[in-house]
Structure formats: C-alpha cells, structure tokens
Amino acid sequence: MTRLDVREVTVRFGGVTAVDKATISADGGQVTALIGPNGAGKTTLFNVITGLQKPTGGKVFLDGDDITHTPTHRRARHGIARTFQRLEAFGSLTVEENIRVAADAVRAKNTKPAQVTRGLIQRIGLERYAGARADSVPTGVARLVELARALAIDPELLLLDEPSSGLSEAETESFGELLRDLAAQGRAVLIVEHDMGLIMRVSDVIHVLDRGRLIASGTPAEVQADPLVRKAYLGEEDPDESEEPAETEEPTESEEPADSTLVMPAADDEPESGGWF
Ligand SMILES: Nc1ncnc2c1ncn2[C@@H]1O[C@H](COP(=O)(O)OP(=O)(O)OP(=O)(O)O)[C@@H](O)[C@H]1O
C-alpha cells in the first residue's frame, strides 16, 4: 500500500533548482531508498516530505491526504518520523532519557512511555549505553539513539537520512536487519544513504536522483543495470551517445567514480552477479 506519494515536486533556491519535478513513492512493508551523487537534492526532498522546506511546485500525499502545506509538527501526528544527517539528541541527557522524552511527547492512549523506552533500548541493542550521556557515546551509537527516538512515536513512515554513517561494518549489518524488521511490521521506510552495499542489501525499491531529477526507479538489480544511473555515478557513456567516438576520454577515467564520495562496497560484499555499477 502506498503510504507516501510525492508528485512532481520542485524546489528552487534562487537560480538553483535543487529538486526538479521529482515523483517518488514509498509503500508500507517496504524499504525504499533515495540515492544520488552529492548535491542531487536528496536532503532537500526529505525536507519537503517533513515540511521543513516549502516546495516551489508539486504535492506530497500521505495515505492519500494532501500534506503539502501541513506544518512539520502536525506531520509527526500523521505518523511521519525522521532522523537527521546531523545528530540531534540532547547531549546532557542520558540515552534512555533521550528516548523517554520522545516517548513522553507522543504518548498514545494505551502505551506506557517507560515501557516503550525500555522496549526500544532492548530492540535496538542500546542496553550498554542506556545510562550514558548522549554526548559521550560513539557516533554510531548516537545514530541508533536517533533511530530509537524516531521509533518512539511509532511512525507509519520512517525517514532516515544517512543513518549508517559512523557505524562499524558489524553494526551496519545488524542495522540492515533492523530496517528489514521495521518494514516487515508494515511501516514504510525511506532511507537516504551513501553506503551502496547496505542500500543494495535492504531496499525493495530505489529511486535515483541526479541534479534534482529522478533518473531511475526500480529494484536494486534494475537500478544497478540502468545506463543513466551508471552514467551519473561513474561518468560512463550514455548508450544513446555511445556511437560517438570517445576521442577525449582518458582510458583509465571511465573506471573511476565521477563522485568520489560514493561508498563502494568491500569486495567481499559484492553480489555474485558482479560489481555494483
Ligand atoms: N538552503 C539552500 N540554499 C541554496 N541552495 C541550496 C540550499 N539547500 C540545498 N541547496 C542546493 O541544492 C542542491 C541539492 O542539495 P541537497 O543537500 O538537497 O543534495 P543532497 O543530494 O542531499 O546532497 P548530499 O548527498 O551532499 O547531502 C545543491 O546544489 C545544494 O547546494
């Protein structure tokens, strides 16, 4: 079932078109990824979905309701939760208190905030850090605290901005499993992430933005095979232009990612079908 429906959203900052008529959706029960090189417009589109950024054009629907002009705080009540690229936890509070604050803020009729908090600490594996000040824990743990805070409101749509940065390989692995579990509960999970290994493992659907435009949508296999995606990430030749002699191309350059920040998975993560892009 389609939870989030983003239709033809455009965002302009003066002369810069950060998002250009982008149409994406996220379904309940699925992990949906939004990927693209740096500056592609991913965070800006996230901000439109959560209400932090007014779109220049287009609409956002949640469960069929037009929420384009709904204020951010009311979107939370509609069941949208988000984590940020920059960590937002209260540093002087403990990990447990941080989660409790979120659980208290949205206490549902029949839930006990203390119970919700303890449940999340256990589920996300934060027991060891529950009593530690949030500003004293490693970045990876702080990201999990952010996730726990977002989950405290029991969201139908969970938006995660770069959640795996700072996580070790083992932590990323179990984080991926957690994402699958969250989707299996019926939630729609929308994730912006540079770790392609994680994205390819956990996503049901991937939307690819490049310079504000949606250039591909599909399964991980479809997206990896898409010529426009390969071009955006690797600077590969567009097949429509491939008959042109590549006179100016340096022979070694075509194997290097155009965007050096794209995190390629370690060799042992590679699928049997071959490389990622
Ligand atoms: N407040 C702003 N004012 C002006 N330009 C902006 C603003 N926010 C974003 N931009 C521009 O919009 C474009 C998209 O930026 P955005 O941060 O959404 O991309 P991104 O895909 O999230 O990038 P990254 O992967 O680096 O986080 C960029 O060219 C950026 O410089």
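Notes on the structure follow. Here the structure is a predicted model, which is why all the values come from computation and not from measurement.

### Quick word on the site of the ligand
Part 1 of the argument: Near the ligand there are 12 residues, and of these Gly39, Gly41, Lys42, Thr43 and Thr44 occur at the shortest range.
Part 2 of the argument: When the free accessible area of the ligand is taken as 630 Å², the share hidden by the protein chains comes to 59%.
Part 3 of the argument: With three residues, the top contributor of residues to the shell around the ligand is helix 1 (residues 42–50).

### A word on the nonpolar core
Part 1 of the argument: Formed by 48 residues in total, the largest nonpolar core has its most connected members in Ile124, Leu126, Leu147, Leu179 and Val208.
Part 2 of the argument: Take this core: its biggest share by element is eight residues, from helix 5 (residues 139–151).
Part 3 of the argument: With residues up to four places along the chain from it excluded, the contact list for Ile124 reads Leu144, Leu147, Ala148, Leu151 and Leu178.

### Quick notes on the pattern of salt bridges
Part 1 of the argument: Overall, the coordinates contain 12 salt bridges when judged by the stated rule.
Part 2 of the argument: Close ionic contact of Arg100 with Asp104 constitutes a salt bridge, the shortest N to O distance being 3.1 Å. In this pair, Arg100 and Asp104 both sit in helix 3 (residues 95–105), four residues apart, roughly one turn of the helix.
Part 3 of the argument: Overall, Arg100 belongs to the partly exposed group, its relative accessible area being 34%.

### Quick look at helix 6 (residues 169–184)
Part 1 of the argument: Relative to the 22 Å expected for 16 residues at 1.5 Å per residue, helix 6 spans 23 Å between its end C-alpha atoms, a close match to the ideal helical length.
Part 2 of the argument: Listing the buried residues of helix 6 in full gives Thr172, Phe175, Gly176, Leu178, Leu179, Leu182 and Ala183. For helix 6, the angular spread of the buried residues around the axis is 165°, confining them to a single face. In helix 6, the exposed residues that point more than 90 degrees away from the buried face are Ala170 and Ala184.
Part 3 of the argument: Looking at the residues trailing helix 6, positive phi occurs at Gly186, about 105°.

### A few points about the pairing of strand 3 (residues 31–35)
Part 1 of the argument: Taken across its five residues, strand 3 has five buried, putting it largely inside the fold.
Part 2 of the argument: Covered by surrounding structure in strand 3 are Val31, Ala33 and Ile35 together with Thr32 and Leu34, the residues of both alternating faces.
Part 3 of the argument: Pairing of strand 3 with strand 8 (residues 188–192) involves four bridges; the strand directions are parallel. Paired with Ala33 across the bridge in strand 8 is Ile191.
Part 4 of the argument: For strand 3 and strand 9 (residues 205–210), the ladder comprises four bridges, and the chain directions are parallel. Each residue of the ladder has a partner; that of Ala33, found in strand 9, is Ile206.

### Focus on the sheet that holds strand 2 (residues 16–27)
Part 1 of the argument: Judged by pairing direction, the sheet is antiparallel, and its four strands sit side by side in the order 2-1-4-5 without closing on themselves. Two strands lie at the open edges of the sheet, namely strand 2 and strand 5 (65–66), each paired on one side alone.
Part 2 of the argument: Alignment of strand 4 (residues 57–62) against strand 5, held across two bridges, turns out to be antiparallel. Its bridge partner being in strand 5, Leu62 is matched across the sheet by Asp65.
Part 3 of the argument: With respect to the sheet, helix 1 is in contact with strand 1 (2–13), strand 2 and strand 4, its orientation differing from that of strand 1 by roughly 120°.

The rules behind these values
Residues numbered from 1 in each chain as written. Predicted model: local features only at pLDDT ≥ 70, side-chain atom pairs only at ≥ 80, totals over all residues. Heavy atoms only, no water. Near = heavy atom within 4 Å. Areas by Shrake-Rupley, 256 points an atom, 1.4 Å probe, with all protein chains shown as cover. Helix = DSSP H or I, 4+ residues; strand = E, 2+ residues; numbered from the N terminus. Core = buried A, V, L, I, M, F, W, Y, C linked by side-chain atoms within 4.5 Å. Buried < 20%, exposed > 50% of the residue type's maximum accessible area, 1.4 Å probe, protein only. Contact = heavy atoms within 4.5 Å. Salt bridge = Lys/Arg side-chain N within 4 Å of Asp/Glu carboxyl O. Expected span 1.5 Å × (residues − 1). Arc of directions from axis to C-beta. Pairing = 2+ DSSP bridges. Axes fitted to C-alpha atoms, helices over the stretch in contact; angles between N-to-C directions.

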